[in-house]
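Structural description and commentary
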Amino acid sequence: MNPMSSSKQTILMGDINVDNLTENNDNTNLQELLATYDIVRMNLPPTQITSETKKSIDWICTNIDPESIKTSIILTGLSDHTAQTFSLKTSKIIKKTVKERKRLFTNRELTRFKEKLQTQTWDQILMEEDVNHAYKSFHSALQLILNETCPLKLVKGRQHKKRQVWDDECNQLKNAYISALEIEQRTGLAKHKAQTVERKREYDLRLKHLRREQTTAHINQAENKSKSLWQQGIFPTVLKTAKIYPKYKKGPRSEPGSCRPISLIPTFSKIIEKIVLTRLLNHLEQHNLLTNKQHGFLRGRSTTTALVKLTEHIIYQLEEGCSVTSLFLDFSKAFDCLNHDQLLQKLRALGVGGKEADWFKCYLKGRKQSVEINYTQNYTNYKIQSATTEVRRGVPQGSVLGPVLFLLLTNDMPNCLDDACSI
């Protein structure tokens with residue numbers, strides 16, 4: 001631990017795996033270490049309870065006056081540990097308001113936006129033969145209407161309210177699950193453990209059902225219906241620029257390696273890609289062109305089906321008296337290193353030709369990306385963007401088509417290895 005000023009309020013919480021209910025060297029050494037920083041470990045009741053043991057191995061440590069705080073534990077059922085809560089009495093905190101430039105999409109603004117779209121004449125765009133010119137005209141018209149009906153304004157930043165997924169049945173199922181868990185912790189019997197698993201399953205299924213209903217209702221509220229048509233093998237150039245947002249992971253914030261790049265591509269690009277993906281998969285499935293050895297990114301397949309198939313193969317070989325050796329390969333930066341020309345050759349071999357092949361070539365070639373960073377100055381959020389850089393390899397990160405295109409590049413790999421092994 002680095003030296004801390006005792007004048008600063010400090011709170012440490014989490015799993016420490018040192019039982020506060022047992023006197024031993026680990027507990028004594030920990031208490032002495034905390035004391036050098038004027039920090040005291042609060043006395044908590046057992047935080048890990050089984051049918052045989054009760055341990056207080058989670059901690060809340062602080063240098064704050066005990067009269068100003070309140071601690072408690074909660075049995076959540078999410079872990080074999082209880083949750084710990086820490087309440088602090090403080091004076092009213094006046095927060096500095098951060099402002100940012102954004103569009104306000106209230107019902108009033110959206111109504112005006114839709115009315116403008118309905119009165120807009122799209123004949124010139126529909127008659128345009130060049131795809132790039134057509135999309136630029138469409139984009140310009142859309143931006144003009146947006147700027148008129150939903151202009152950018154400097155507003156106070158605020159957190160979005162999370163939609164709650166809960167009802168009385170959820171509350172009953174949760175209480176039933178917690179009760180079953182408490183009984184299992186007291187007895188440790190297999191039948192009580194099975195009952196806990198069943199109550200947890202019922203609780204989870206109810207939550208999933210409510211989330212599904214809420215998502216469906218949210219989607220059904222959308223009144224706009226999108227259609228996309230194209231007659232040329234061209235993908236709009238302006239949709240081929242990705243915005244890279246560096247998301248901090250860990251380490252020094254000034255080091256690029258401490259961030260994970262998040263690729264954001266235009267929404268209209270995803271709409272077009274979804275239509276193309278549906279048609280591509282229909283073609284591949286109709287002509288039985290996908291290997292049955294692939295379990296990723298395909299409907300009805302998953303890591304579970306892959307593990308089941310591997311396990312069954314190993315068991316069968318062992319029963320036949322054979323030795324089994326497995327080789328697992330991890331492709332580093334696989335999506336980023338994909339060769340465009342090789343992928344286009346694979347697509348042609350799978351029957352994707354003509355305008356369709358031209359479309360995929362246009363979709364992959366000439367892509368660019370730039371890095372955007374958000375920062376705050378004088379309590380106002382700003383954005384700064386780098387110059388664009390051409391991307392010569394790989395499939396677009398964050399795209400709809402990317403994962404399936406990578407699968408097609410490796411689609412014939414099992415055929416090449418059939419003579420030497422099973423895959």
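That block above? That's the structure.
Residues numbered from 1 in each chain as written. Predicted model: local features only at pLDDT ≥ 70, side-chain atom pairs only at ≥ 80, totals over all residues. Heavy atoms only, no water.

1. Some details on the nonpolar core
Cut-off, in case you're wondering: The nonpolar core is taken to be a set of buried Ala, Val, Leu, Ile, Met, Phe, Trp, Tyr and Cys residues, with the residues joined through side-chain atoms within 4.5 Å. Three exposure classes are used, based on accessible area relative to the maximum for each residue type with a 1.4 Å probe and protein chains only: buried under 20%, partly exposed in between, and exposed over 50%. In this text, helices come from DSSP runs of H or I with a minimum length of four residues, and strands from runs of E with a minimum of two, each type numbered from the N-terminal end. Contact definition: two residues touch when any of their heavy atoms are within 4.5 Å.
Core analysis: the biggest nonpolar cluster contains 28 residues, and L343, W359, F360, L401, L405 and L408 have the highest contact counts within it. Sorting the residues of this core by element identifies α7 (267-286), α9 (340-349), α10 (354-364) and α11 (402-409) as the ones contributing at least two each. Residue contributions to this core peak at six residues, all from α7. Setting aside residues up to four positions removed in sequence, L401 forms contacts with E273, V276, L277, W359, F360 and Y363.

2. Thoughts on the side chain of R367
Let me state the cut-off plainly: Positive residues here are Lys and Arg, negative ones are Asp and Glu, while His and the chain termini are left out of the count. Whenever a carboxyl oxygen of Asp or Glu lies within 4 Å of a side-chain nitrogen of Lys or Arg, that contact is scored as a salt bridge.
Locating R367 in the fold gives a position in strand β12 (residues 367-377). Here R367 occupies a buried position and makes no salt bridge, while the nearest side chain of opposite charge, E273, is found at 4.9 Å. Excluding anything up to four places from it in sequence, R367 contacts F235, L239, K240, T389, E390, V391 and P396.

3. Considerations on the environment of I265
Within the secondary structure, I265 sits in the loop between β11 (259-264) and α7. Along the backbone, I265 and A242 are 23 residues apart, and their C-alpha atoms lie at a distance of 4.8 Å.

4. Topic: the pattern of salt bridges
Oppositely charged side chains are able to pair whenever their charged atoms sit close together. Under the defined criterion, the tally for this structure stands at twelve salt bridges. Here K116 and E148 are joined by a salt bridge, their closest N and O atoms 3.0 Å apart. On the criterion of sequence distance, the pair formed by K116 in helix α2 (residues 107-119) and E148 in helix α4 (residues 131-149) is long-range, its members being 32 residues apart. For K116, a relative accessible area of 33% gives the class partly exposed. On the accessibility criterion, E148 (43% relative accessible area) is partly exposed. Taking the shortest distance from any N to any O, the salt bridge between E169 and R206 comes out at 3.5 Å.

5. Quick look at the sheet that holds strand β1 (residues 11-15)
How we decide: Strands are labelled as partners when DSSP assigns at least two bridges between them.
Within the open sheet, the three strands sit side by side as β1-β5-β2. Their pairing is antiparallel. Here the strands that pair on one side only, and so sit at the sheet edges, are β1 and β2 (40-41). Pairing geometry for β2 and strand β5 (residues 58-62), over two bridges, is antiparallel. Note that in β5 the partner of V40 across the bridge is T62.

6. Topic: the packing of aromatic side chains
Inclusion rule: Pairing of aromatic rings covers Phe, Tyr and Trp, the last counted by its six-membered ring, and requires centre-to-centre distances within 6.5 Å; plane angles under 30 degrees mean stacked, over 60 mean edge-to-face, and any other angle means tilted. Definition used: whenever NZ (Lys) or CZ (Arg) falls within 6 Å of the ring centre and also within 35 degrees of the ring normal, the charge is taken to sit over that ring.
With the rule as written, the count across this model stands at twelve aromatic pairs. Judged by centre distance (5.9 Å) and plane angle (50 degrees), the ring pair of Y135 and F138 falls under tilted. On the criterion of helical spacing, the pair formed by Y135 and F138 is a turn pair, its members being three residues apart in helix α4. Since its relative accessible area comes to 10%, Y135 is described here as buried. Judged by relative accessible area, which is 23%, F138 ranks as partly exposed. The interplanar angle of 85 degrees and the centroid separation of 5.1 Å between the aromatic rings of F235 and Y363 together place this pair among those described as edge-to-face. Of this pair, F235 sits in the loop between α6 (190-220) and β10 (241-248) while Y363 sits in helix α10, placing them 128 residues apart in sequence. Among the aromatic side chains, those forming a connected cluster through ring pairs are W122, Y135, F138 and F268. Lying over the aromatic face of Y177, K200 brings its terminal NZ or CZ to 6.0 Å of the ring centre. One residue, R367, lies across the ring of Y363, its end atom 4.5 Å from the ring centre.

7. Concerning a nonpolar patch on the surface
To be explicit about the condition: Surface patches are defined over residues having more than 30% relative accessible area and no salt bridge, joining like charges when they lie within 9 Å and nonpolar side chains (Val, Leu, Ile, Met, Phe, Trp, Tyr) when within 5 Å. Note on areas: these come from Shrake-Rupley sampling with a 1.4 Å probe, and a residue is covered only by the protein chains present in the view.
A cluster of nonpolar side chains, V371, I373, Y375, Y382 and I384, forms an exposed patch at the surface whose accessible area comes to about 430 Å². No other element matches β12, which puts three residues into the nonpolar patch. The class of V371 is partly exposed, set by a relative accessible area of 35%.

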